[in-house]
Each structure stands twice: as C-alpha cells, then as structure tokens.
Amino acid sequence: MSEAFLPFTRPSIDEETIAAVADVLRSGWITSGPKVQAFEAALSALCGGRRVRAFNSGTATLEVALRLAKVGAGDTVITTPLTWVATANVILEVGATPILVDVDPVTRNIDLDRIEAAMLPTTKAIIPVDLAGLPVDRDRLYALADRRGLRVIEDAAQSLGASWNGQPIGSAFGQGRGFVSFSFHANKNLTTTEGGALVLPDDIDAGLCERLRLQGVKRFPDGGMDVDVLGGKFNLTDVAAAIGLGQLPHLAAFTARRRDLARAYFATIDPALGLPLPPADFANCNWHMFQPLLPPGVDRGRFIAAMKARGIGVGVHYPALHLFSLYQALGFRQGAFPVAEDIGRRTISLPLFPDMRDSDVVRVCNAMAASLSETA
Ligand SMILES: *Cc1c(COP(=O)(O)O)cnc(C)c1O
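Fair warning: this is a prediction, and the values are worked out from it, not measured in the lab.

Asker: Describe the state of the cysteines, with residues and values.
Answerer: A full pass over the atoms with the stated rule returns 0 disulfides. The thiol sulfur of Cys47 is not disulfide-bonded, and the nearest other cysteine sulfur, from Cys209, lies at 13 Å. With no disulfide of its own, Cys285 lies closest to Cys365 among cysteine sulfurs, the gap being 17 Å. Given a relative accessible area of 6%, Cys285 falls into the buried group.

Asker: Tell me about the nonpolar core, and please be specific about residues and values.
Answerer: One finds Phe39, Ile78, Ile115, Phe182 and Phe184 to be the most contacted residues of the largest nonpolar core, which totals 39 residues. Those elements that provide at least two residues to this core are helix 2 (34-46), strand 1 (51-55), helix 5 (115-118), helix 6 (138-147), strand 8 (179-183), strand 9 (196-200) and helix 8 (238-247). Considering each element in turn, this core owes the most residues, 4 residues, to helix 6. Residue contacts for Ile78: discarding those within four places in its chain leaves Ile99, Val101, Ile110, Ile115, Ala118, Met119, Thr123, Ala125, Ile126 and Ile127. Core analysis: the second largest hydrophobic core is formed by 28 residues, Tyr265, Leu275, Met307 and Leu352 among them.

Asker: Give me the lowdown on helix 4 (residues 86-93), citing residues and values where you can.
Answerer: Every buried residue of helix 4 is accounted for by Ala86, Thr87, Ala88, Val90 and Ile91. Contacts made by the buried residues of helix 4 are with helix 3 (58-68), strand 2 (76-79), strand 3 (97-100), strand 4 (123-127), strand 5 (151-155) and helix 11 (325-329). A positive backbone phi angle near 90° is found at Gly95, which sits one or two residues after helix 4.

Asker: Which residues make up the site of the ligand, and what are the values?
Answerer: Close to the ligand lie 16 residues; Gly58, Thr59, Asp155, Ser183 and Lys188 are nearest. A distance of 2.7 Å separates a nitrogen atom of the ligand from a polar side-chain atom of Asp155. Gln158 places a polar side-chain atom, nitrogen or oxygen, 2.8 Å from an oxygen atom of the ligand. Taken by itself the ligand offers 380 Å² of open surface, and the protein chains cover 94% of this. Put simply, the parts of the chain that give the shell around the ligand at least two residues each are helix 3 and helix 4.

Asker: Account for the sheet that holds strand 3, naming residues and giving values.
Answerer: With mixed pairing, 7 strands are arranged side by side in an open sheet as 1-9-8-5-4-2-3. On the outer flanks of this sheet lie strand 1 and strand 3, each paired with one strand and no other. Here the average twist between neighbouring strands, direction ignored, is 25°. Direction of pairing for strand 8 relative to strand 9: antiparallel, over a ladder of 4 bridges. Across the sheet, Val180 pairs through a bridge with Val199, a residue of strand 9. The sheet strands contacting helix 4 are strand 2, strand 3, strand 4 and strand 5, and the helix crosses strand 3 at an angle near 145°.

Asker: Explain the domain arrangement of the protein chain to me, using residue names and the numbers behind them.
Answerer: Taken domain by domain, the protein chain comprises domain 1 (15-248) and domain 2 (250-375). For domain 1 versus domain 2, the distance between C-alpha centres works out to 25 Å. With 40 residues of domain 1 at the contact, the number on the domain 2 side is 35 residues. Taking both sides of the interface into account, the surface hidden between domain 1 and domain 2 amounts to around 3000 Å²; carbon and sulfur atoms contribute 61%.

Asker: I'd like a description of unusual backbone geometry, backed by residues and values.
Answerer: Cis geometry is found at the peptide bond from His317 to Tyr318, where omega equals 15°. You can see Tyr318 is positioned in the loop between helix 10 (300-309) and helix 11. Positive phi, normally seen in glycine, also occurs at Asn165, with a value near 50°. In this fold, Asn165 is placed in the loop between strand 6 (163-164) and strand 7 (167-168). At Trp287, a position not held by glycine, the phi torsion is positive, near 55°. With respect to the helices and strands, the residue Trp287 is situated in the loop between helix 9 (251-268) and helix 10.

About the cut-offs
- Every chain is numbered on its own, with residues counted from 1 as its sequence reads.
- Selection of residues for local features in this predicted model requires a pLDDT of at least 70, selection of side-chain atom pairs for listing and counting requires 80 or more, and totals for whole chains, interfaces and linings are taken over all residues.
- Computation of side-chain values covers all heavy atoms of the structure but excludes hydrogens and water.
- Disulfide: a pair of cysteine sulfur atoms within 2.5 Å of each other.
- Three labels apply to residues, based on accessible area from a 1.4 Å probe with only protein chains included: buried if under 20% of the type maximum, exposed if over 50%, partly exposed otherwise in between.
- Remark: nonpolar core denotes a set of buried residues (Ala, Val, Leu, Ile, Met, Phe, Trp, Tyr, Cys) joined through side-chain atoms within 4.5 Å.
- Here a strand is any run of E in DSSP of at least two residues, a helix any run of H or I of at least four, and the numbering for each starts at the N terminus.
- Contact between two residues is taken to exist if any of their heavy atoms lie within 4.5 Å; hydrogens are not considered.
- Residues are counted as near a molecule or strand when any one of their heavy atoms sits within 4 Å of it.
- Identification of polar contacts relies on pairs of N or O atoms within 3.5 Å, with a donor-acceptor requirement for protein atoms, meaning one able to donate a hydrogen and the other able to accept it, and with residues adjacent in sequence counted only if both atoms are side-chain atoms.
- Surface accessibility in these figures is a Shrake-Rupley result with a 1.4 Å probe; residues are shielded only by whichever protein chains are displayed.
- Whether two strands pair depends on DSSP finding at least two bridges between them.
- Note on method: axes are straight lines fitted to C-alpha atoms, helices fitted across the in-contact stretch only, with angles between N-to-C directions ranging 0 to 180 degrees.
- What fixes the domain bounds is an automatic or database domain assignment.
- When two parts are brought into contact, each loses some accessible area as probed by a 1.4 Å sphere; the total of that loss over both is the buried area.

Shown next, in the form of structure tokens:
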C-alpha cells in the first residue's frame with residue numbers, strides 16, 4: 001500500500017476563506033479596495049501599529065523600499081548570498097550594486113561580524129534576510145546600521161510570525177527607521193497566492209509608497225490627480241486580500257504547529273546519519289523551513305530522486321546566488337563566499353507545513369535513512 005505523495009510544503013486554506021473569496025468575486029469590486037484596507041489594518045496590528053501597505057509581491061515591496069531609501073545608481077547595498085535571488089535582483093533593478101557578505105555557518109544568516117569590513121563609502125543600505133524564519137539579531141543589526149548611517153530593509157519574507165527577544169518581526173526595532181518586507185507567496189507561512197506587504201517608518205514614506213505602488217498617481221479630494229514620480233503597478237487585489245484575511249486568524253496556530261513538527265524532526269532524525277541540523281531556536285524562529293545539510297560527498301540530486309521515489313518531496317533553498325550566470329557575469333566569483341557556497345550545495349528542505357501529521361515526520365526520517373544509504 002503506497003501512501004500519498006508528501007510535498008515539501010502545502011498551503012492551508014479553509015472553507016471560510018474560500019467562501020470569503022467567492023463573496024468578493026460576487027461583490028462587483030474585485031481589485032484593490034476595502035479588503036486590502038482591512039488586510040493592511042490587520043497586518044499593522046501584528047506589527048505594533050506601524051504603517052503597512054499591501055503589494056502584489058514581496059519582490060515589489062523590496063524594490064519600493066529601496067526607492068524610498070533613495071538607493072539608486074552609484075550606490076551599494078549589503079546583503080547575503082544565501083537567499084532567494086529576489087533579494088539581490090531588486091538591488092540591480094534600482095540601478096545599485098549588491099555587496100555580498102558571507103553567512104554565519106550556524107545561523108546561515110548574514111555574518112554581522114563581517115559587514116563593517118565590506119562597507120564602501122557608497123553603501124547606503126543593508127538587506128538582512130531571516131532565512132527559514134530564523135531572525136537576524138535585531139539588536140546588533142540596528143546598532144551597526146545606526147553607527148554607520150545605513151538604512152535597513154528587513155527581508156522578512158520568511159519570518160512573519162517569528163520574533164526577536166519576544167518582540168514580533170515587523171514591529172519597530174532600533175529607532176523604528178527600518179523597513180520590513182513580507183511575502184505572501186504560496187509557499188510562505190501566510191499566503192495570498194501571490195502578494196507582499198511593506199512596513200514603513202513614517203507617514204511621508206507611506207504616502208510616497210502608495211504612489212510608487214500605483215503609477216505615481218496622487219489623487220485630490222476634488223477628483224483631480226497628478227503624477228510627479230514614476231510608480232509601478234504593484235497593488236494587491238481584494239480577491240487576494242480576502243485570502244490573507246482568512247489566513248491571519250490561523251497564523252499563531254500555523255506557527256505553533258510548525259514548531260511542534262520541527263521539535264519532532266529534532267527528536268526523530270538519527271544523529272548517526274551525520275546531518276548538520278539548523279539551530280534549535282524555539283524562542284524566535286517561525287520554522288518556515290526545516291533544513292538539514294547533507295553530509296559532504298552525498299549527491300543531492302540522487303538523494304532528492306531517492307526521496308521522491310519514496311513519495312517525499314524535498315526542496316532546495318537556495319544555491320548561493322552569486323554562482324548564477326547573471327551574477328557571475330557581473331564579476332562575482334566562485335569561492336568568494338565559501339560558507340554560503342557550502343551550505344547552498346548541501347542544503348535540503350524537508351516537508352514542513354501545518355497540515356502535516358506527526359506520522360509524516362517519521363515517514364520522512366525513515367525515507368532519509370534509506371535514501372542516504374542508497375546514495376552514500
Ligand atoms: C519569497 C521571498 C522573496 C520574494 O517574495 P515574492 O512574494 O515571491 O516576490 C524575497 N526574499 C525572500 C527571502 C523570499 O523567501
């Protein structure tokens with residue numbers, strides 16, 4: 001008897017949410033409107049009352065945050081090579097140049113000890129990434145940024161529901177001058193199918209953010225309008241926002257379930273397999289992903305195929321981005337960020353999503369042991 005295929009992730013959408021989407025579709029107003037406003041208000045409540053604007057992707061929020069921070073041609077921005085490529089692509093998109101800084105081998109996030117040495121006089125901002133939902137140390141991050149006059153754009157695409165020292169990611173760290181970017185892509189801990197949100201430091205940024213989000217349009221009470229800045233087309237629809245509103249009441253339970261499953265992985269993975277595991281940070285992490293590293297020398301492609309043959313999906317998040325052709329063509333060299341390269345070659349994302357059963361963890365662990373003995 002073979003069991004159903006277990007994907008590495010799957011969204012949890014309840015019937016109420018599906019009904020709420022149908023209501024929006026029947027309402028006569030399907031693009032940005034009251035549902036987006038309600039979603040922004042609900043997100044703001046999660047972020048200590050800060051200003052939040054919804055977008056059609058996390059990528060768009062990062063790009064707009066860079067524009068709000070006045071980052072452009074001739075500027076440099078510090079970020080990590082071990083992230084979804086969107087984080088670095090947006091730096092190129094606004095005409096600036098990424099400066100990559102290798103990651104800490106334990107947290108797998110940007111190594112804060114190496115940032116000052118990498119800074120140039122042109123460096124305007126830093127984009128830290130909370131990989132797999134494990135937050136970057138916000139106290140050290142903002143102390144460093146403030147000392148050197150850098151703007152911070154927190155790429156929190158993976159860390160909604162996580163916290164740092166008891167304070168939710170998205171709320172104000174440092175002096176509250178940071179931007180925070182969330183993604184609601186289908187695979188993230190909270191989804192709108194596609195979507196994102198930007199947490200903003202002040203009202204001036206919020207106003208300009210709205211124009212950069214939609215063609216630069218500024219509307220006047222008398223019905224007139226002006227366009228004084230080049231904006232994009234990044235607004236979220238009410239259909240998508242209705243999904244987000246349906247997801248939000250479950251976020252705490254989703255995070256708690258992910259935490260329980262992560263605990264089960266730590267308890268069940270046989271230490272004799274020799275897989276380095278992520279930090280067991282149950283206070284801060286939201287367990288967006290659970291990522292062991294394969295032992296050196298295991299062929300990851302063959303391992304993933306062996307897991308698939310046993311009905312289990314395994315993801316890869318991510319190869320170090322400077323090894324991609326585009327970044328090689330820009331002058332980044334293999335060997336430049338050895339920690340990120342090594343993790344990027346060995347990392348695997350095991351199935352982890354709220355609707356998984358405890359028995360699925362056992363199934364994954366048994367399949368890993370069998371697949372490793374086959375591919376060793
Ligand atoms: C998902 C993700 C993004 C981009 O979000 P989209 O909504 O897919 O545009 C950016 N950075 C990181 C780290 C991500 O995981």
